[in-house]
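Chain and residue survey
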Amino acid sequence: MDHKPGTPGAHEMGDPVSAVDTAGALFFTGWAVAMWAAVAVLAYANRGPVRPWLYRTAVGLIGLGVVGQIGHFQEHVAQAIYWIANPYSPAWMTPWANSFAQGMGQVDTSKPALGMELLHLVGNLIFLAGLVGIVQITRRVSGGLKSRKWARMGVWMQGIHGVEHLVLTVSVALGASRAIGLSTWFGAIEPGVALSTYRVWWHFVANLVGTAILGFAMLHLWREKRIVKAAYLLEPDNGLLHVTGEGIREDVPQEPVLASKK
């Protein structure tokens, strides 16, 4: 996506990369790496006996995903608002997004668009990890929890969106003259107003739908939190799990010592 030089939040070509740009890029990348490390730990540990720290880890993972997506979505909202005010101008990014992109672009300074593509790829990976966290935290409850259904829908949608960003990033990294993906009609749209307009609104709509799905998943998770906590032995049963089609999954091992505690 072309970005207008000289507008607020845009770096001029050849601007030096500051320490803040570098630190921001490292922080954002580390955020995503930490979240996916947590996903791997949860996916493995959830196959064993129930342990309270699994619940707390999943809650933290979900929280980071929500915070990350709020920041990610506001960037797309800001871009859409800028387009409405300046429909014939090159696409715009917020100052903080430009800073992150500038820092990430250091991996190959010969490709000016690479930093921006990496930024959006990492942002989508953070969002996806948060949705996976909801799937993981509800894993020990059998039956059709609405939060799990919405989260799984989000994982599928965001997974496809993530692949789109991966393809865009890889195409630029490999030297394509323009990013190749669904949001560029696989490079068929010439750089200019048409391309920036299409990309701005394509990604805005994709994130609007994805954020709505996350919102519904979180709403239902809040309503079902006592059932979920009971599955981790953090909430007395008191009949909570005696809901049609719902209960603690019998195929997941329970910790004998913890299971005996009331």
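Reading guide: rules and limits
Residues numbered from 1 in each chain as written. Predicted model: local features only at pLDDT ≥ 70, side-chain atom pairs only at ≥ 80, totals over all residues. Heavy atoms only, no water. Helix = DSSP H or I, 4+ residues; strand = E, 2+ residues; numbered from the N terminus. Axes fitted to C-alpha atoms, helices over the stretch in contact; angles between N-to-C directions. Left-handed = near helix turned anticlockwise from the far one by under 90°. Contact = heavy atoms within 4.5 Å. Nonpolar A, V, L, I, M, F, W, Y, C, P; charged D, E, K, R; others polar. Core = buried A, V, L, I, M, F, W, Y, C linked by side-chain atoms within 4.5 Å. Buried < 20%, exposed > 50% of the residue type's maximum accessible area, 1.4 Å probe, protein only. Salt bridge = Lys/Arg side-chain N within 4 Å of Asp/Glu carboxyl O. Phe/Tyr/Trp six-rings, centres within 6.5 Å; stacked < 30°, edge-to-face > 60°. Lys NZ or Arg CZ within 6 Å of the ring centre and 35° of its normal. pLDDT = per-residue confidence, 0-100. Polar contact = N/O pair within 3.5 Å; in protein donor to acceptor, adjacent residues only side chain to side chain. Patch = residues over 30% accessible without salt bridge, like charges linked within 9 Å, V, L, I, M, F, W, Y side chains within 5 Å. Areas by Shrake-Rupley, 256 points an atom, 1.4 Å probe, with all protein chains shown as cover.

Description of unusual backbone geometry
Positive phi, close to 50°, is recorded for Trp185, a residue that is not glycine. Mapped onto the elements of the fold, Trp185 is located in the loop between α5 (146-173) and α6 (193-223). The backbone phi angle of Phe186 is positive, close to 55°, even though this residue is not glycine. With respect to the helices and strands, Phe186 occurs in the loop between α5 and α6.

Regarding the packing of helix α1 (residues 19-45) against helix α2 (residues 52-85)
The contact between α1 and α2 brings their axes to 10 Å, and the two run at 145°. With respect to the hand of their crossing, α1 and α2 are arranged in left-handed fashion. Where α1 abuts α2, its residues Trp31, Met35, Ala38, Val39, Val41, Leu42 and Ala45 lie against Trp53, Leu54, Thr57, Ala58, Leu61, Leu64, Gly65, Val67 and Gly68. Split by residue class, the contact of α1 with α2 holds 13 nonpolar, three polar and no charged.

Some thoughts on the nonpolar core
Counting residues in hydrophobic clusters, the biggest one holds 46 residues, and the most contacted among them are Ile137 and Tyr232. Those elements that provide at least two residues to this core are α1, α2, α3 (95-104), α4 (114-137), α5, α6 and α7 (225-231). Of all the elements, α4 adds the most residues to this core, at 14 residues.

Comments concerning the pattern of salt bridges
Applying the stated criterion to the full structure yields three salt bridges. A salt bridge links Lys111 to Asp108; the nearest nitrogen and oxygen atoms lie 2.6 Å apart. For Asp108, a relative accessible area of 23% puts it in the partly exposed group. Notably, a salt bridge pairs Glu190 with Arg178, separated by 3.2 Å at the nearest N-O pair. Taken together, the residues span a long stretch of sequence, with Glu190 in the loop between α5 and α6 and Arg178 in the loop between α5 and α6 at a distance of twelve residues.

Looking at the packing of α2 against α6
Two elements in contact, α2 and α6, have axes whose closest approach is 9 Å; the angle formed by their N-to-C orientations is 145°. With respect to the hand of their crossing, α2 and α6 are arranged in left-handed fashion. Taken together, the residues of α6 that come into contact with α2 (itself represented by Ile62, Val66, Gln69, His72, Phe73, His76, Val77, Gln79, Ala80, Trp83 and Ile84) are Thr197, Val200, Trp201, His203, Phe204, Asn207, Leu208, Thr211, Leu214, Met218 and Leu221. Residues belonging to the contact of α2 with α6 are distributed by class as follows: 14 nonpolar, eight polar and no charged.

What about the packing of aromatic side chains?
Here a ring pair, both rings aromatic, is described through the centre-centre distance and the interplanar angle of the planes. Summed over all chains, the structure comprises ten aromatic pairs. For the pair Phe73 and Phe204, a centre-to-centre distance of 6.0 Å together with 20° between the ring planes defines the contact as stacked. Taken together, the positions of Phe73 in helix α2 and Phe204 in helix α6 put the pair 131 residues apart, joining distant regions of the chain. Residues Phe73 and Phe204 agree in their burial class; the two are buried. When the ring of Trp185 is compared with that of Tyr198, the centres are 6.4 Å apart and the planes differ by 20°; the resulting orientation is stacked. With Trp185 in the loop between α5 and α6 and Tyr198 in helix α6, this residue pair connects regions lying 13 residues apart in the sequence. Members of the aromatic cluster, joined through ring pairs, are Phe27, Phe28, Trp31 and Phe100. Taking NZ or CZ as reference, Lys225 lies 3.4 Å from the ring centre of Trp222, over its face.

Section: the confidence of the model for the protein chain
Per-residue confidence for the protein chain gives a mean pLDDT of 86, with 84% of residues at or over 70. Taken as a whole, residues 4-14 scores under 50 in pLDDT and shows 23 contacts with residues more than four places along the chain or in a different chain. When the criterion is pLDDT under 50, residues 239-262 qualifies, and its contacts beyond four places in sequence or with other chains add up to 51 contacts.

Focus on the side chain of Asn46
Position of Asn46 relative to the elements: it lies in the loop between α1 and α2. Within the structure, Asn46 has its side chain in polar contact with the side chain of Gln136 (distance 3.0 Å).

Overview of a nonpolar patch on the surface
Together, Val163, Val167, Ile180, Leu182 and Phe186 make up a nonpolar patch on the protein surface, roughly 420 Å² of accessible area in all. Relative to the helices and strands, Leu182 is located in the loop between α5 and α6.

Some thoughts on the environment of Glu164
For Glu164, the position within the fold is in helix α5. Along the chain, Glu164 and Leu182 lie 18 residues apart, while their C-alpha atoms are 6.8 Å from each other.

As for the environment of Leu195
Along the polypeptide, Leu195 turns up in helix α6. In this structure the C-alpha to C-alpha distance between Leu195 and Ser183, which are twelve residues apart in sequence, comes to 8.5 Å. Not counting the four nearest positions on each side in its chain, Leu195 is found in contact with Ser183, Thr184, Ile189 and Glu190.

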